[in-house]
Each structure stands twice: as structure tokens, then as C-alpha cells.
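What follows is the residue order along each chain.
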Amino acid sequence: MSDADVLTHLASLGTSRAPQADPLDGPEAAAFRALEGQSLEKRLLLAAGVRAITRAAGQLAARPEATEPPVPPETLEVCPPRVSALLRELLGGGDPERDELLAEVFKRLARARRRLPPELLVSALNRSKGPLRASLEPVLGERGRWLSRLGPAWRPSTPLEVTEAERVWAEGTFDARRTALEDMRRLDPARARQWVMDTWTQEKAEHRARFLACFDPTLSPEDEPALELGRQDHRAPTVREVARHLLARLPGSAFALRMRERARTVLLWNGTTLSVRLPAAWDAEAEKDGLDKPPSGVGQSEHWLTRLLECVPLPEWERVFQAPPQRIATEAAQTDDFAALSEGWAHAFRLEPSLAWASALLDVWSAQPAHRLTATRAQSLALTVFEQLPASERTAHSLRLLRGTATLPWREQALALTPAPWPRELGMAWLNALYDNPNTVGPLWRAVRALPPECLLAAANAPPPPLRLSAYRSVFERFQRLVTLFRILHEELNP
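Engineer: Outline the confidence of the model for the protein chain, listing residues and values.
Structural biologist: For the protein chain, mean pLDDT is 89; residues scoring 70 or higher make up 93% of the total. For the protein chain, per-element mean pLDDT is lowest for helix 1 (residues 3-13), which scores 62, and highest for helix 15 (residues 254-266), which scores 97.

Below is the structure:
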């Protein structure tokens, strides 16, 4: 641990939980020791002040380690001059969109097995933090990797060793502990789960909820005991909410089975019509499962129906009712509980996506008058469903939106969630939509990145926008700059 880390660690963790500050060294260590006998807080503040002053006064440049090995021969070819010029321009800006563009360029360079030119290495290492630093690593080349070892801020982040991760979990700040937990969940889910269970009663409610949420990407049936701790956490509604959300995604969990059984007694189908029959009250166990008092602004029946239906995979209703989704959804629209049924079914897509149910619900929602389902709520429901669809279906549905044969969700949001690269048909439909109404086509750079090469050529040769779109001149100028950038990448880096 460096000296700076010791002081930061003391300040972040709190002096009551802090370990000994023995690793301190240099002028701040002298100041720290000079006040021995004073409170730890006073010694900490003085040491931090001394360090700030000595840093402001300057310091000797670090000398490279004499044992640093020479740079090995490069194995990748340097990128073409036109790409270097693009990179130089992108590295000069500070806006977040440039980071996304840089990440895309690094990704294409890596795919083409090219590296950055030496003169851009320092700029790229200074600019690249977090996720962008990970994208940079494959295109640094041997010289770039050698250089990155010489600057602490240039080094890539590496997963913690198990021993160090254990120490961070025991002593670290909340953010550091959560990162360690996420890393351990990927490495050893059982150990990470045990960490959370062992410290459960010592954590704040907010921390318990966020630690449980770390289980999501690697969720498994073995997590059920830990999630049950959260479901029964009488001290914190947010913890119970996270636990129920995750338990519902375990189809064999006791919670999921109970909720499905209750839902089957509430939603009734007589072969032609759908009806809802809720009890006047639930038992204590059901209240622990989330069938409790609704939040402000939400009706009792809506709250219960949504909670129940979001725990039942949609294909189960086809099996129970022996009816297709279109018919069930159409009959649901005739009930007074249509909005709640829609909400519950939309959230049930996270359990098991269903193309038949997506088509049925989107059709029914699109046809509702505003007093039955507001446009804002219909959009929110449709987006919830769209996010869970397979990539191919999102592409097909985005094409329907651009052609005007579907209306939900709004196409700019759908296009932002449609994976790249787009097929030619979708790319050409997007170009036509851009020249029809630039307000409805979503973020420009993401769309241009998704366009296939033949659409980039068509975009470069497109005529100037019509006079009625003169207010969007800056949009079309930026669009052409992005088209030029991606054409250069395609021409220079594709085999």
C-alpha cells in the first residue's frame, strides 16, 4: 500500500475502524509522529496538510527501475495515417461522447490487429480511464504496455487477489467493498455469498440492498438462503424489494412457487373472458412476500396484481388458460384491472421473454384510448418489454417502427437498444427517417456506428437536406463528420 493510500484509507474508513498508520513515510510520517499522544483525528489532519504542502512544493522525478526490461519487438502493425489523424483529433476533446467514439476506434483497431502510433501513446494513456482503459489495452502494442508500467495512473486495473479482496471486504470503504464483492462473485460466488451472510447484521440497510443486488449477474439457486435473509428483513423495505426481485428469477425458489400459486387463484379464465378476484386480505407470509400496503399513489388491487403477475413466466398463462396470448391480452383490455395486468405482464418478461406475448401486448397497448392507458405509460410498458426481446426481434421491430407499421415503443429509444451492426434494410430505413424528421431517429453517433458500409456510402452521397430542415443544419453537418469517420475506419481497417 502506498503512503497516499494509507492517509486516504484512514480518512475514508473513519478513525474508529482504522488500522495502525505505521506504513506512513516521508514528511507526513514525521508530522504524524510529532503529535503522538494527541487524538488520531488531529494527527491525521496534520499529516494530510503536510503532504499537501510538500506536494505543492514539488518533488524529484521518479527514476526508472534499473531492472526494467527493454521493450520487446512489436507484433502488431501500426495503424494507418488516416486513422492516426482521427485518433489525434478525438484524443484532444474532453466530452464523454468522444470516449465512446474512442472506445469504438480502439475496438476496431484491435479487431484489425493494429496498434497506436508511438506519438499518441502518452495522450491515450492520460485520457483513458475506467472502461476506456480496458478498450485501450489491446492496441497499446509492446511499447505502450512497457510505458504504462512506468506511470501509476497509466496502469490497467487488475482484479484483486483473494487475500487482498478479503482485506478490502473487511476494511474498505463501501464502494471498494462493493467492487471487491462484484469481483468475488465472478471468481467464487459461494465465497462472496458467505461474505454477505457473515456481515449481514452489521451492515446498513442501504448497503445490504446494494450488496444483494451484486448477486444479479451470477444468480443461482444456491443464493436462495442469502436472498431469504433479505426477504425477511423487517428493518428495510428496499432490501426486501431487491431480494424479492431476485427470488422471482429463481423459478424453483419457495417464494416464486408461492407467488405463482397465489396468482393462479386470482386470475380467472372461463374460456371466453378474463376476470380478477382478489382476497380482502392476505396472510402474514403473503405480506412478507410483498402483498402488503401499496406505495402512495398506487391502488391496493393494482399493487397486489402487479406484484403477483411479475413473478409468473408469461407462457404459464397459455398453459393454464389453454388460450393464445393475443386472446388473453385482448380480454384483459376489457377489465377494470387492465393497467395493473399490463404492468405485471410487462415486468414478467425479465423471467422469460416471449415473442408471442410481446406482439400481443404491443398491439393491444397501441390500440388503447388515453383514458384506458396513457401514452406515457404505454411507452414505459413497451420499453420494458422491448429491452427483454432477443436481438433479432429488436432489429425486426425497429424496422416496423421506422416503416410506421408499429408505434410502440418510441423509435428513437428502440433504435438506441437495437444492437449493431444493423442490416442494410434497417440502415436505409433509418437514413430515410433522418431526412424526414431528425428529431425521431435517436443518438446520431450510435446510429452511424450501426450503419453497414453500403449505407455509409449512401449517406456520404446523400443530397443536402431539404429547405424545410434548414433548422437542423448543424445536425446534418455533424452527421456527415461521423459518416466520414466511420468510412475511414471501414476503408482502412477492414480486410
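Engineer: How would you summarise unusual backbone geometry if you had to cite specific residues and measurements?
Structural biologist: Backbone torsion omega between Leu408 and Pro409 reads -10 degrees, so that peptide bond is classified as cis. Residues Ala420 and Pro421 are joined by a peptide bond in cis, for which omega reads -5 degrees. The topology assignment puts Pro421 in the loop between helix 24 (411-416) and helix 25 (424-436). You will see that Arg113, though not glycine, has its phi angle at about 55 degrees, which is positive. By the element assignment, Arg113 lies in the loop between helix 5 (96-111) and strand 2 (114-115). Positive phi is not limited to glycine here, since Gln322 has a value of about 55 degrees. Tracing the chain through its elements places Gln322 in the loop between helix 18 (315-321) and helix 19 (325-332).

Engineer: Before we move on, can you summarise helix 11 (residues 189-198) with the specific residues and values?
Structural biologist: Listed as buried for helix 11 are Ala192, Arg193, Trp195 and Val196. Down the axis of helix 11, the buried set is contained in an arc of 150 degrees. They therefore lie on one face. The inward-facing, buried residues of helix 11 contact helix 9 (162-171), helix 10 (174-187), helix 12 (205-213) and helix 13 (224-231).

The rules behind these values
Residues numbered from 1 in each chain as written. Predicted model: local features only at pLDDT ≥ 70, side-chain atom pairs only at ≥ 80, totals over all residues. Heavy atoms only, no water. pLDDT = per-residue confidence, 0-100. Helix = DSSP H or I, 4+ residues; strand = E, 2+ residues; numbered from the N terminus. Buried < 20%, exposed > 50% of the residue type's maximum accessible area, 1.4 Å probe, protein only. Arc of directions from axis to C-beta. Contact = heavy atoms within 4.5 Å.

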